[in-house]
Amino acid sequence: MPDQGAPQQDHPNPGAAPGFGARLMRRKPVELLVAEGGHGEGGTLRRSLGLWQLTMISIGATLGTGIFVVLGEAVPKAGPAVILSFVLAGFTALFSALSYAELAGTIPVAGSSYSYAYATLGELIAWVCGWCLILEYGVSVAAVAVGWGQYLNELLDGTIGVTLPEALSAPPGDGGVFNLPALIVVLLAMTFLLGGARESARANTIMVCVKIAALVMFCAIGVQGFKSGNYAHFMPLGVAGVSAAGATLFFSYIGFDAASTAGEEAKNPQRDLPRAIMLSLVIVTLLYVMVAAVAVGARPWRRFDDSEAALAQITRDVTGETVWGTLLAFCAVIAIASVVLTVLYGQTRILFAMARDGLVPKIFARVHPKTGAPRANTLIVSLFCGVLASVIPLGQLADATSIGTLFAFALVNVAVVVLRRTRPEMPRTFRVPLSPVLPALGFALCVWLMGSLSSVTWVVFGCWMAAGLVFYFLYGHRRSRLAPSES
């Protein structure tokens, strides 16, 4: 449904079809992106989210992942200096968040950085960015769901004295056969999302309040077991360890951009999206650093040994009682479920935008007329992520998610500079200060953290990108909504 009034691409020879290279670089006009906002196949998304709900979506998608799940993966890489790793990852996220905030206020649509790239860098780059977002959101849902199962076992052990057998609570490669809890939490999140954005936002707000209360409780208990000697060898693995842990912990920050995926369901997106992105990032970073400092002070770093339920174990060790650890495990079960809910929401909205542009099948843009939600999209994505969480170990999922996220964030930092130069007259409700210096720093930090990831992660990323390019040239390039207007 192209907008006849929207500006179209100019070509050197209007009478001739554009060449192959020009087709790869075709850009979607910003006005057309905004005009199509909310429109899907058979219905429209409902604008029902205010600043509070948008901020809770970003916090819900972010807070909990790094602290409740990935902390045990990161501490063995950096030692007590994992605090610096959180700060490093937070600064990297901050520079990218500034760029996200400007673009979200200028182009308030559902596709997040995919749509921003489509308007500034061209279709091929937008596809690559969207493909990275599928890796970022889809795989992170699976990664967080894996950690949910670990805390569920802690809760069951503390309440009824039993745990799920390892065969049903861990994926192959981690001693199990099938991670049933991971599949269950994804299906629960799917149930909320099928009811619509407003209902999902209400459930998420409650869960976010629970997780913040849980982290404050942990700090109050954990500080009682604080031992300064645990910081005696602050950086045992050097700067390389700090950057390696920072690259893994960047996985903890990927949710701050979730608000940008709600651009077509926000009441006042130009005003509220930038505020929600920045506010959520500040709150999350402060909580992460505070909890990490207490955790490392209460437990020698060598004893973390990849524990996926470290906070509950520390609480139990400090108090000598199981009740507090059990309570924290209960809060973690709620908290991590909210991450699954909001990140799964973001994934469905990105695919919604890509399907509307013709780059993926139209079924992902189909909107249910009663709920105003993309039901078929939600079902397909949820089942895929649930199965993925059931069979792949956490560490591999976290690193694969980090590299896809960092690549997408790097492109956002480029996109904000390009749009400033190509469309300087556009109204912007938020502007990145010191541009292009801060976007350049954001880009550089993303590239640096990508270089800190393992060669195995790079191989997985290369295979993922190769598969995405094959799909684009066989399907998306030919079916793009921009293609007919140029032929």
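All values reported here derive from a predicted model rather than from experimental measurement.

Procedures and definitions
Residues numbered from 1 in each chain as written. Predicted model: local features only at pLDDT ≥ 70, side-chain atom pairs only at ≥ 80, totals over all residues. Heavy atoms only, no water. Helix = DSSP H or I, 4+ residues; strand = E, 2+ residues; numbered from the N terminus. Expected span 1.5 Å × (residues − 1). Buried < 20%, exposed > 50% of the residue type's maximum accessible area, 1.4 Å probe, protein only. Salt bridge = Lys/Arg side-chain N within 4 Å of Asp/Glu carboxyl O. Patch = residues over 30% accessible without salt bridge, like charges linked within 9 Å, V, L, I, M, F, W, Y side chains within 5 Å. Areas by Shrake-Rupley, 256 points an atom, 1.4 Å probe, with all protein chains shown as cover. Lys, Arg positive; Asp, Glu negative; His and termini not counted. Charge placed at Lys NZ, Arg CZ, Asp CG, Glu CD. Axes fitted to C-alpha atoms, helices over the stretch in contact; angles between N-to-C directions. Parallel < 35°, antiparallel > 145°, perpendicular 65-115°, else oblique. Left-handed = near helix turned anticlockwise from the far one by under 90°. Nonpolar A, V, L, I, M, F, W, Y, C, P; charged D, E, K, R; others polar. pLDDT = per-residue confidence, 0-100.

Novice: Quick question: what am I supposed to make of helix H5 (residues 82-106) here?
Specialist: Count 3.6 residues to each turn of an α-helix, and residues three or four apart come out pointing the same way. Its 25 residues give H5 an end-to-end C-alpha distance of 36 Å, which sits within 8% of 36 Å, the value for a rise of 1.5 Å per residue. The element H5 is largely enclosed, with a buried count of 21 among its 25 residues.

Novice: I tried to follow the pattern of salt bridges on my own but got confused; where do I start?
Specialist: Side chains that differ in charge, positive against negative, can pair when their charged atoms come close. The final tally for this structure, using the stated rule, is twelve salt bridges. A salt bridge links Arg481 to Glu36; the shortest N-O distance between them is 3.0 Å. Here Glu36 lies in the loop between helix H2 (30-35) and helix H3 (51-62) and Arg481 lies in the loop between helix H18 (455-479) and helix H19 (483-486), a separation of 445 residues in the sequence. Given the relative accessible area of 27%, Arg481 is considered partly exposed. A single network of salt bridges, built from pairs that share partners, joins Lys28, Glu36, Arg356, Asp357 and Arg481.

Novice: Which parts of the structure should I look at to understand a positive patch on the surface?
Specialist: Taken together, the side chains of Arg46, Arg198, Arg202 and Lys267 define a basic patch exposed on the protein surface. As for its position among the elements, Arg198 is in helix H10 (residues 197-222). You can call Arg198 partly exposed: its relative accessible area is 44%.

Novice: So what exactly am I meant to see when it comes to the packing of helix H7 (residues 123-159) against helix H14 (residues 322-356) here?
Specialist: In a packed pair of helices, the relevant descriptors are the angle between the two axes and the axis-to-axis distance. Running from N to C, H7 and H14 point in directions that differ by 160°, and their axes come no closer than 8 Å. Between H7 and H14, the interaxial angle falls into the category roughly antiparallel. In the packing of H7 onto H14, the handedness of the crossing is left-handed. Broken down by class, the residue content of the contact of H7 with H14 amounts to 25 nonpolar, nine polar and one charged.

Novice: What is the right way to read the confidence of the model for the protein from this model?
Specialist: Caution is warranted with low-pLDDT regions, since their predicted coordinates should not be read in detail. Across the protein, the average pLDDT comes to 82, with 91% of residues at or above 70. The secondary structure element of the protein with the lowest average pLDDT is H19, at 62, and the one with the highest is H18, at 90.

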